[in-house]
Structures are given as C-alpha cells and as structure tokens.
Amino acid sequence: MDLNRRRRPSAASRISSTTPRASRRTATWAWSSSGPSTTPTRKQLIGTTNKIRKKTSGKRISTAASIEDEGGEETTASSSTSMDDALLAVAQKAISEIKPGMTIAIGTGSICSKLFDALETENILDVKYVPASTLAAKELVVRGLAPVVDCKEIAAIDLVFLQPNETAVYDGNIVSILDRTQTPIQPSIVATRNVLKKSLKTILFTEQFRDYIGGSIPVEIDVENWEFIAEELDDLFLGDAELWRRGRGDEQSHPRGGKNPFVSADGTTIVDIKFEDALKGGRYSKGFVLAGEDCSPFQIQAEIESVAGVRAHGLYTTADAVLAPWGDDGLTPLFMHKGEELPMY
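Our subject in this report is the structure included herewith.

About the thresholds
- Residues numbered from 1 in each chain as written.
- Predicted model: local features only at pLDDT ≥ 70, side-chain atom pairs only at ≥ 80, totals over all residues.
- Heavy atoms only, no water.
- Helix = DSSP H or I, 4+ residues; strand = E, 2+ residues; numbered from the N terminus.
- Buried < 20%, exposed > 50% of the residue type's maximum accessible area, 1.4 Å probe, protein only.
- Contact = heavy atoms within 4.5 Å.
- Phe/Tyr/Trp six-rings, centres within 6.5 Å; stacked < 30°, edge-to-face > 60°.
- Lys NZ or Arg CZ within 6 Å of the ring centre and 35° of its normal.
- Pairing = 2+ DSSP bridges.
- Axes fitted to C-alpha atoms, helices over the stretch in contact; angles between N-to-C directions.
- Salt bridge = Lys/Arg side-chain N within 4 Å of Asp/Glu carboxyl O.
- Polar contact = N/O pair within 3.5 Å; in protein donor to acceptor, adjacent residues only side chain to side chain.
- Expected span 1.5 Å × (residues − 1).

## Describing the overall build of the protein
Helix and strand content of the protein: eight helices and 17 strands. Relative to its 345 residues, the protein shows a buried fraction of 48%. Sequence separation of 24 or more characterises 69% of the internal contacts of the protein that already satisfy a separation of 6 or more.

Following this line, the structure appears as structure tokens:
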C-alpha cells in the first residue's frame, strides 16, 4: 500500500456536518435500537464455558483435549463425551425448531453436517429445503432431502441455519464472519446474503464463542473496475488492514489474485480485508482497528457498505439466535437469542 495516500474520510465523517448530531449518530449506529454504543468491555463479552473451551482460541472442542478452567489451570474433558456427541446435541436442538410445512435453508460446516444427519432420520412432513451454498446443495441431493427449491423461487424462508467462521456477542448482538473459507470451492457471498434477506429467523451455529471477532473479512465486488473498488476499500483502512484478492486453486491469497485470479460465473471477484497487527503480528487484541483505534464490527460494516461496487461482505450482525455446545461437557446446548448475554457457567 502507498502510505503517502490521503485517507478517505470515514463513513461517519462523510455525513453532512449540517445534519443534527442525533441524526448523524442514528445513521452511523443504525445497528442498535437503543442508539450508539462504545466498544464493549471484556467483562461484557463472557467467554464460552470453561468445560469445553480450548486453550487455543477458535479450535473445536474435543475429548482428552487440554482446556482452561476459570483459574487458568489445565484440565481434561470427560472421555465419555465425544465432539460428535456435542455437535449432534446442537443439531437435535435445531431440529426442534423445525415444524411441518416450513421452508428452511442450511449452510455448511461441522454442525450443519450433523443437522443433515438428523434430518435424514427425522420424519418432518412437507419441509422444503433451500441450499445456502453450492456445497449445501450437493449435500441435500446426496442425502435425498427433498424438495429442494431455489432461493429466487420463494418469497420467504422460515428458518436459516448457518455456521460462521467466527461468532461473538456484543451487547446482546450476535455478530459473525461468514464465507471466509476458500476450499474446496470459493463461496458466493452474494448468494448467502440473498438467503439471509428472505430469512424470517436466522439461527447461527458455533463450536466456540470468541471475545471479539476479527482477522480477515471477505468482500465480493464487481470484477469490472475491481481495482478501483479495491482502492476505495484500501483507502478506508489504510494503515489498519491490507487487501488481498483471491485466486483459484492453490493460489488462494495474493495482493492481486496471483496468476489466476478468482472470477465467479456472475462476474464478481472476492477480496479479503486482512486486519492484522503489523507490529505485534497476528490479530488485533480487540478484533478491528480503524484509523489506528480499536473499533466495533458495526463501524467496519458501515465503512465497507459505503463503497460503490461492493456486492456483499462476510460481516453479519443481525442474527436472531445462536446455538452452541455448552453445559454437561457440551451435551446440553446453549440456545441464546438476540438481546441476551452469554450466561455464566
């Protein structure tokens, strides 16, 4: 990146200075029904249960895995509880939300796979299935779950089940990053968003909560004039993040997409906004930084959406509920709804 370039004004500062302060605040923080909020403290972001939380953040729970309790001491998960059992318990809880005659959408991931397993054995009448991804569509066909309907052919989807790459809770808001995974095929972030736009209720799955989401955010943009769009995004996060375009095959990450940049059948490409601490290495301690200061994912979302040519991005901040392994060594799922906080365990 050219460090001498002038930073583009933020989305908040681009709102007219003649607009009353209250109106500017509403425009910038439209995510919150109660108005703006500062970045939550760590006390507000309670970690996942000490029974199943691994020492390495973001990893799955597993038997005989080294984990931390509240005192920082290492212990071992019960050998009688397997990871499969915990994930299946979450899937079975999700099944209880599905009623006859519903239209549901399912994505991909370890818990989504268990949900497919459970649906094969359950006899829920008149359920229609909408694939939330190409891989999910293949999964539905292989398992014989039918009828499968295209998202474009229906007006609404009763339930959407997705498994993000990361999930955290910010003052009762369930926030996640979707479609970061590039293998075995590149995702369609636009297709995911189209499913979410028709969702009447969205339930996320997660194996573990993070204190803060962060790292890279995938952004799908028009391939025509992609350099100009990427430059606009780069200006917004100059000094805070780097932009890399996705490539095909083995070249999954390169500033310009490598020798074979990814281009979708719909004429889009994907860039990743990589929020990494250049001085310390790795993720920022609180997930995201804007103009050198810690910031919330809602601020990052507003910045990304201010750029023309952005078709969709992976930040998702309006989920209705989240399901996760929780008590009894993960066998009793946590079903948390928007507006609630992670409980102490």
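## Describing the packing of aromatic side chains
Within this structure, the stated rule accounts for six aromatic pairs. Ring geometry for Tyr170 versus Phe298: centroids 6.1 Å apart, planes at 85°, classification edge-to-face. Highlighted residues: Tyr170 in strand E6 (residues 166-170) and Phe298 in helix H8 (residues 297-305), separated in sequence by 128 residues. Owing to a relative accessible area of 4%, Phe298 belongs among the buried residues under this scheme. Ring-pair connections join several aromatic residues into one group, and the members of that group are Tyr170, Tyr212 and Phe298. Directly above the ring of Trp226 sits Arg245, whose terminal nitrogen or CZ lies 4.4 Å from the centroid. Note that Lys274 overlies the ring of Trp244, its terminal NZ or CZ placed 5.8 Å from the centroid.

## Comments concerning the sheet that holds strand E9 (residues 216-222)
With respect to topology, four strands assemble into an open sheet ordered E10-E11-E9-E14, the strand pairing being antiparallel. Both outer strands of the open sheet, strand E10 (242-245) and strand E14 (310-313), are each paired with one neighbouring strand and no more. Taking each pair of neighbouring strands and ignoring which way they run, the sheet shows an average axis angle of 30°. As defined by bridge partners, E10 adjoins strand E11 (residues 268-274) across four bridges and the pair is classed as antiparallel. Bridge assignment links Glu242 to a residue of E11, and that residue is Lys274. Contacts between helix H7 (residues 226-236) and the sheet are confined to E9, E10, E11 and E14, with E9 contributing the most and set at about 145° to the helix.

## Topic: the pattern of salt bridges
Oppositely charged side chains can pair when the atoms bearing their charge come close. Inspection of every chain in the model, using the stated rule, returns 11 salt bridges. Two residues, Asp84 and Lys114, come together in a salt bridge whose shortest N-O distance is 3.6 Å. Of this pair, Asp84 sits in helix H3 (residues 83-95) while Lys114 is found in helix H4 (residues 110-121), placing the two residues 30 residues apart along the sequence. You can call Asp84 partly exposed: its relative accessible area is 44%. Between Arg311 and Asp222 there is a salt bridge, with the nearest N and O atoms lying 3.0 Å from each other. Taken as a pair, Arg311 in strand E14 and Asp222 in strand E9 lie far apart in primary sequence, 89 residues in all. For Asp222, a relative accessible area of 26% puts it in the partly exposed group. Taken together, the shared-partner salt bridges connect Asp117, Glu120, Glu139 and Arg143 into one network.

## What about the side chain of Arg246?
Tracing the backbone through its elements, the reader meets Arg246 in the loop between E10 and E11. Of the residues examined, Arg246 reaches a relative accessible area of 0% and is grouped as buried. A polar contact is formed between the side chain of Arg246 and the side chain of Asp272, at a distance of 2.8 Å.

## Examining H3
For H3, built from 13 residues, the straight-helix expectation of 18 Å at 1.5 Å per residue is met to within 8% by its first-to-last C-alpha distance of 19 Å. If you check which residues of H3 are buried, you get Met83, Ala86, Leu87, Ala89, Val90, Ala91, Ala94 and Ile95. Where H3 is buried, its residues contact H4, strand E5 (159-162), strand E8 (202-205), strand E16 (321-327) and strand E17 (332-337).

## Concerning the sheet that holds strand E7 (residues 173-177)
On the basis of which strands lie adjacent, the open sheet formed by three strands has the order E6-E7-E15 and antiparallel pairing. Each edge of the sheet is formed by a strand with only one pairing partner; in this case those strands are E6 and strand E15 (315-316).

## As for the environment of Ala324
Along the chain, Ala324 turns up in strand E16. Residue class for Ala324 comes out buried when judged on its relative accessible area of 1%. Once the C-alpha coordinates of Ala324 and Thr206 are considered, the two residues, 118 residues apart in sequence, prove to be 5.2 Å apart. If we ignore the near neighbours within four places in the chain, the residues touching Ala324 are Val90, Thr206, Phe209, Pro333 and Leu334.

## What to know about unusual backbone geometry
Across the junction of Ala146 and Pro147, the peptide omega takes the value 0°, indicating a cis bond. Following the sequence through the fold, Pro147 ends up in the loop between helix H5 (134-143) and E5. A cis amide bond, omega 0°, links Thr183 with the succeeding residue Pro184. On the secondary structure map, Pro184 appears in the loop between E7 and helix H6 (189-197). A positive phi angle is found at Asp126, which is not glycine, with a value near 60°. You can see Asp126 is positioned in the loop between H4 and strand E4 (128-131).

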